[in-house]
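Below are the chains, spelled out letter by letter.
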Amino acid sequence: METLRDFLLAKGYSKIKLKFTKTNHFEIKASINGIKGRFILDTGASSSCVGFEAIDRFNLKVKDSEIKAVGAGASDMATKISKSNNLKIGKWEKNRVALILFNLSHVNKGLINHNAEPVDGIIGADVLKKGKAIIDYEKKYLYLKMKEIS
């Protein structure tokens, strides 16, 4: 019997290890503009985000945004936007990725209060959709569809 892993790898997916944290989140390593960081994988977040403090670290070109961020434990937060970023997760890579920037301190404070490490941001449904993501919760892997080479 073929495993999910074998099936997805044969279909051109890339396999990325997920870390299950003390706060019951999946954490993932990714690079933005060539700089590595740690992110929460959040299927409920509509957009991928980073904190304001990450602007210099990830070499982000930022513009003001009229959008107000809403999330668990916080609402009506001011945001900025950074377009045309390179995002790499495992072997999967996407150019021209837009990222929302907002104050992530409440997220990181919650993580630290539960003896978990702070994160640089959140990988949301926008990226998961672009990557045709499949999450294997039991084995703790994220699968993202690699580009089709013609």
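The protein chain appears in an unreviewed UniProt entry as Retroviral-like aspartic protease family protein from Winogradskyella vincentii.

Engineer: Honestly, the overall build of the protein chain in this entry has me stumped. Any pointers?
Structural biologist: Each helix and strand counted, the protein chain has 3 helices and 11 strands in total. The order of α-helices and β-strands along the protein chain, N terminus first, is α-β-β-β-β-β-β-β-β-α-β-α-β-β. For the protein chain, the C-alpha radius of gyration of 16 Å lies close to 15 Å, the compact-globule estimate for 150 residues. Seen along its three principal axes, the alpha-carbon backbone of the protein chain occupies a region of about 50 × 40 × 25 Å. Buried positions account for 41% of the 150 residues belonging to the protein chain. Counting contacts in the protein chain only where the partners sit at least 6 residues apart, residues at least 24 apart contribute 59% of the total.

Engineer: What's the story with the sheet that holds strand β1 (residues 13-17) in this structure? I'm lost.
Structural biologist: One key point about sheets: their strands pair by backbone hydrogen bonds, in either a parallel or an antiparallel sense. The 3 strands are arranged β1-β11-β10 in an open sheet whose pairing can be described as antiparallel. A single partner strand is all that each edge strand has here, and the edge strands are β1 and β10 (134-136). On average, adjacent strands in this sheet sit at an angle of 25° to one another, irrespective of strand direction. Pairing analysis gives 3 bridges linking β10 to strand β11 (residues 141-145), with the strands arranged antiparallel. Bridge assignment links isoleucine 135 to a residue of β11, and that residue is leucine 142.

Engineer: I would appreciate a short explanation of the environment of alanine 45 in the present structure.
Structural biologist: Note that alanine 45 resides in the loop between β4 (35-41) and β5 (49-51). Assessed through its relative accessible area of 13%, alanine 45 is described here as buried. In sequence terms alanine 45 and isoleucine 55 are 10 residues apart; their C-alpha atoms lie 20 Å from each other. Ignoring sequence-local partners within four residues, the contact set of alanine 45 consists of Ile122, Gly124 and Ala125.

Engineer: How should I be thinking about the side chain of threonine 23 in this particular structure?
Structural biologist: Positionally, threonine 23 belongs in the loop between β2 (19-20) and β3 (26-32). In this structure threonine 23 comes out as buried when scored by relative accessible area, which is 17%. In this structure the side chain of threonine 23 is engaged in a polar contact, spanning 2.9 Å, whose partner is the side chain of threonine 21. A polar contact of 2.7 Å, which involves the side chain of threonine 23, links it to the side chain of histidine 25. For threonine 23, the residues in contact, after removing those within four places along its chain, are Leu111, His114 and Ala116.

Engineer: Where do I start with a positive patch on the surface in this structure?
Structural biologist: A contiguous patch of positive charge on the surface is contributed by Lys19, Lys22, Lys29, Lys36 and Lys88. Here lysine 29 shows up in strand β3.

Engineer: Looking at this structure, I do not really get helix α2 (residues 105-113). What am I missing?
Structural biologist: Each full turn of the α-helix corresponds to 3.6 residues, which orients residues three or four apart in the same direction. Here α2 has its buried residues at Val107, Asn108 and Leu111. The arc that holds every buried residue of α2, seen down its axis, measures 90°, which confines them to one face. Exposed side of α2, more than 90 degrees from the buried face: Lys109 and Asn113 are the residues found there. In this structure, the buried residues of α2 make contact with β4. Following α2 by one or two positions, asparagine 115 adopts a phi angle in the positive range, close to 60°.

Rules and cut-offs
Residues numbered from 1 in each chain as written. Predicted model: local features only at pLDDT ≥ 70, side-chain atom pairs only at ≥ 80, totals over all residues. Heavy atoms only, no water. Helix = DSSP H or I, 4+ residues; strand = E, 2+ residues; numbered from the N terminus. Rg over C-alpha atoms; globule rule 2.2 N^0.38 Å. Buried < 20%, exposed > 50% of the residue type's maximum accessible area, 1.4 Å probe, protein only. Contact = heavy atoms within 4.5 Å. Pairing = 2+ DSSP bridges. Axes fitted to C-alpha atoms, helices over the stretch in contact; angles between N-to-C directions. Polar contact = N/O pair within 3.5 Å; in protein donor to acceptor, adjacent residues only side chain to side chain. Patch = residues over 30% accessible without salt bridge, like charges linked within 9 Å, V, L, I, M, F, W, Y side chains within 5 Å. Areas by Shrake-Rupley, 256 points an atom, 1.4 Å probe, with all protein chains shown as cover. Salt bridge = Lys/Arg side-chain N within 4 Å of Asp/Glu carboxyl O. Lys, Arg positive; Asp, Glu negative; His and termini not counted. Charge placed at Lys NZ, Arg CZ, Asp CG, Glu CD. Arc of directions from axis to C-beta.

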